[in-house]
Amino acid sequence: MKLYLNTDLAQRYADAGLLEQERLRAKDIYRELTAAGEASPDWGVTGWLHCEEAAMQRAQIAEKAKEIRENADVFVLVGVGGSNQAARAMIEALDTTGPQILYAGNTLSAWELARTLQKLEGKSVYINVIAKNFETLEPGSHFRVLRRWMSERYTPEEMARRVVLTGTYGSRLEEIAKENGYLFLSFPERIGGRYSAFSPVSLLALAVAGLDVEAFVAGGSAMEAELAAEQGGIAAEYAALRSALGQKDYAIEMLAAFEPRLFWAQSWWKQLFGESEGKDHKGLFPATMTNSEDLHSMGQYMQEGRRILIETFLMVDDPGAELRVQPDKAFGDRFDYLDGMDFANINRAAEKATIQAHDAGGVPCIQLRLPRLDEETYGRMYYFFMMACAVSGKLLGVDPFDQNGVEEYKRSMFSALGKPKN
Ligand code: PA5
């Protein structure tokens, strides 16, 4: 089912002529990105454009996932940034089955890793290490620790079944897989981490969690077709509006959701836009709110703080559960006005009221409606945001596919840790 973008409220804050110009530019950029094929200067980084092509090795993944689901108590997903966020966002939000899924390779905290190891004790463990070029410190260091932990408990033959590595062909990770007989999955060379949702980077974890990989890829493909039929459609529209507002005094985009289980999807979005656009001192700063909790903190700032914020509401039509407030006259708690009401309606009323209040308070409010939270919708949503982000970055005049800025801190960290220079 389709996603709906409503920009009516936010458009009032943009300069109408500029918005029209950005719409035309956004459509041109969309056409260039999608049409040029190998002749395109972006060819080397746009392997994500066709979901079906990105979602390679599906039969192999399904077979391995079956084995893992039959044998594992715990599946550890080792990766950071684009190498774990898309899968985690779905696993944490949808109804999963199968082994417990833990995350590693995404922190350097001793406490976190020690706690993860404690959780593995006495369990049947499988791991998937995902690292595009296998140079990132977090997954590399955690793989060492997990490898040692596993080798003390399993024979080399047993280890070979329990370790899956995902990286680029020709990387050291592929060599390690060959040397040890581990299954190796492709991290496609032409896909960057934060655009890798439909590739094997995510697919094994989704399948291990019992999620419907085919429905997910079909959702992405459906959005791909919809945008193609409408020359960028809602992705181009969202990008154009962000650009027109960004050229005024707006500096921050708040992605607000009233379903807490969208927390990791918001985190995925933050990484996608932050790493793609924050360059040359440009870009809207991506921030997130989980409501209604954050209405009791950041809600104050949204309503009355500096008018530098735009807000995008990630709304869900189907609440996924029905729960009513039971009448309780005798108790006298003064909440009788809620008697018989469904929490879905109460939550929706809070969402509507927040949009009205923030709009009245001078915040351009965009609404993105998702029909329900399932695999297909995540597929549509990921593709929508990835395309919007690529177009938006190009409207801004930055390269949405590189991340030179994250190398800065690494230089001094590696020198402090004594890493030899290549
Ligand atoms: O989007 C990106 O490219 C990054 O966020 C990477 O995914 C992240 O830095 C992890 O990289 P790697 O898979 O090489 O360890």
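All figures in this text were calculated on a predicted structure; none of them were measured in a lab.

Here the focus is helix H10 (residues 200–208). Summarising burial for H10: nine of the nine residues are buried, a large majority. All of the buried residues along H10 are Pro200, Val201, Ser202, Leu203, Leu204, Ala205, Leu206, Ala207 and Val208.

Following Asn291, the chain continues to Ser292 via a peptide bond in cis, the omega torsion being 15°. Summarising the element assignment, Ser292 is placed in the loop between strand E8 (285–290) and helix H14 (298–304). Unusually for a residue other than glycine, Gln231 sits at a positive phi of about 45°. Checked against the element boundaries, Gln231 lands in the loop between helix H11 (213–229) and helix H12 (233–246).

Right, let's talk about the site of the ligand for a bit. Taken together, the neighbourhood of the ligand is formed by 14 residues, with Gly81, Gly82, Thr136, Gly193 and Arg194 sitting nearest. Residues of the shell around the ligand, tallied by class, amount to three nonpolar, eight polar and three charged.

Quick look at the sheet that holds strand E1 (residues 4–6) now. The strand order across the open sheet formed by five strands is E1-E10-E9-E7-E8, and the pairing between neighbours is mixed. Sheet topology places E1 and E8 at the edges, where each strand pairs with a single neighbour. Going across the sheet, the axis of each strand differs from the next one's by a mean of 20°, ignoring polarity. In the sheet, strand E7 (residues 252–257) pairs with strand E9 (residues 309–316) via six bridges, with the strands oriented parallel. Pairing of Ala256 across the sheet is with Phe313, part of E9. The sheet strands contacting H12 are E1, E7, E9 and strand E10 (365–370), and the helix crosses E1 at an angle near 25°. Helix-sheet contacts for helix H15 (residues 343–360) involve E9 and E10, and the interaxial angle to E9 is about 165°.

Cut-off values and rules
Residues numbered from 1 in each chain as written. Predicted model: local features only at pLDDT ≥ 70, side-chain atom pairs only at ≥ 80, totals over all residues. Buried ≥ 20, exposed ≤ 12 C-beta atoms within 10 Å, placed from the backbone. Helix = DSSP H or I, 4+ residues; strand = E, 2+ residues; numbered from the N terminus. Near = placed C-beta within 6 Å. Nonpolar A, V, L, I, M, F, W, Y, C, P; charged D, E, K, R; others polar. Pairing = 2+ DSSP bridges. Axes fitted to C-alpha atoms, helices over the stretch in contact; angles between N-to-C directions. Contact = placed C-beta atoms within 7 Å.

None of this, on its own, says anything about what the molecule does.
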